Amino acid sequence: MAAKVASGTNKVFQNHDDVHISFEDQQRINRFAKHNARMDDFKAELEMKRNELKCVEEALEEIELFDEDEDIPFLVGEVFLSHKLEKTQDLLKENKDQVLKEIAGVEAKAKVIKAEMDELKAHLYQRFGSNISLESDD
């Protein structure tokens with residue numbers, strides 16, 4: 001799609017396929033591309049959060065084998081703090097709950113963006129048919 005729109009005017013330049021792209025259509029294409037990039041960011045963030053959740057769950061399982069009166073180091077920021085088993089389990093459970101909330105938040109944002117992308121995709125495919133490709137490579 002090599003058609004271009006003159007900025008600030010309604011003049012439309014044509015390519016050899018006679019596909020007319022209005023300024024509004026170009027704005028929709030740009031918005032779709034921006035949302036597509038954000039979805040990629042959300043996917044990466046979700047993967048990172050899910051890995052963090054997995055690590056917290058594994059830590060919870062591992063510390064069940066410790067003695068109750070044994071001090072267990074717990075990483076807070078860049079410092080390890082030692083706590084008894086029960087306190088460390090509580091801290092890990094709080095951490096797990098926080099990660100679950102963060103995952104839910106990212107998934108909710110992604111759902112909103114996906115809905116708008118689906119709407120834009122339907123409009124653009126209706127307008128341009130096979131002259132435009134909005135499918136991701138993955």
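These numbers come from a predicted model, not from an experiment.

Caption draft 1: Just helix 1 (residues 23-63), in detail. Taking 1.5 Å per residue, 41 residues should reach 60 Å; helix 1 reaches 60 Å between its end C-alpha atoms and fits that length. Those residues of helix 1 not exposed but buried are Asp25, Ile29, Phe32, His35, Met39, Phe42, Leu46, Lys49, Leu53, Val56, Leu60 and Ile63. Considering only its buried residues, helix 1 is in contact with strand 1 (72-76) and helix 2 (85-128).

Caption draft 2: The arrangement of the pattern of salt bridges in detail. Under the criterion given, the structure shown has 9 salt bridges. Residue Arg127 is joined to Asp25 by a salt bridge in which the shortest nitrogen-to-oxygen separation is 2.8 Å. Pair noted here: Arg127 is in helix 2 and Asp25 is in helix 1, with a separation of 102 residues, a long-range link. On the accessibility criterion, Asp25 (4% relative accessible area) is buried. Here Glu116 and Arg31 are joined by a salt bridge, their closest N and O atoms 3.2 Å apart. Linking Glu116 in helix 2 with Arg31 in helix 1, this pair joins segments that are 85 residues apart in sequence. Linked by salt bridges that have partners in common, Asp25, Arg28 and Arg127 make up one network.

Rules of the game
Residues numbered from 1 in each chain as written. Predicted model: local features only at pLDDT ≥ 70, side-chain atom pairs only at ≥ 80, totals over all residues. Heavy atoms only, no water. Helix = DSSP H or I, 4+ residues; strand = E, 2+ residues; numbered from the N terminus. Expected span 1.5 Å × (residues − 1). Buried < 20%, exposed > 50% of the residue type's maximum accessible area, 1.4 Å probe, protein only. Contact = heavy atoms within 4.5 Å. Salt bridge = Lys/Arg side-chain N within 4 Å of Asp/Glu carboxyl O.

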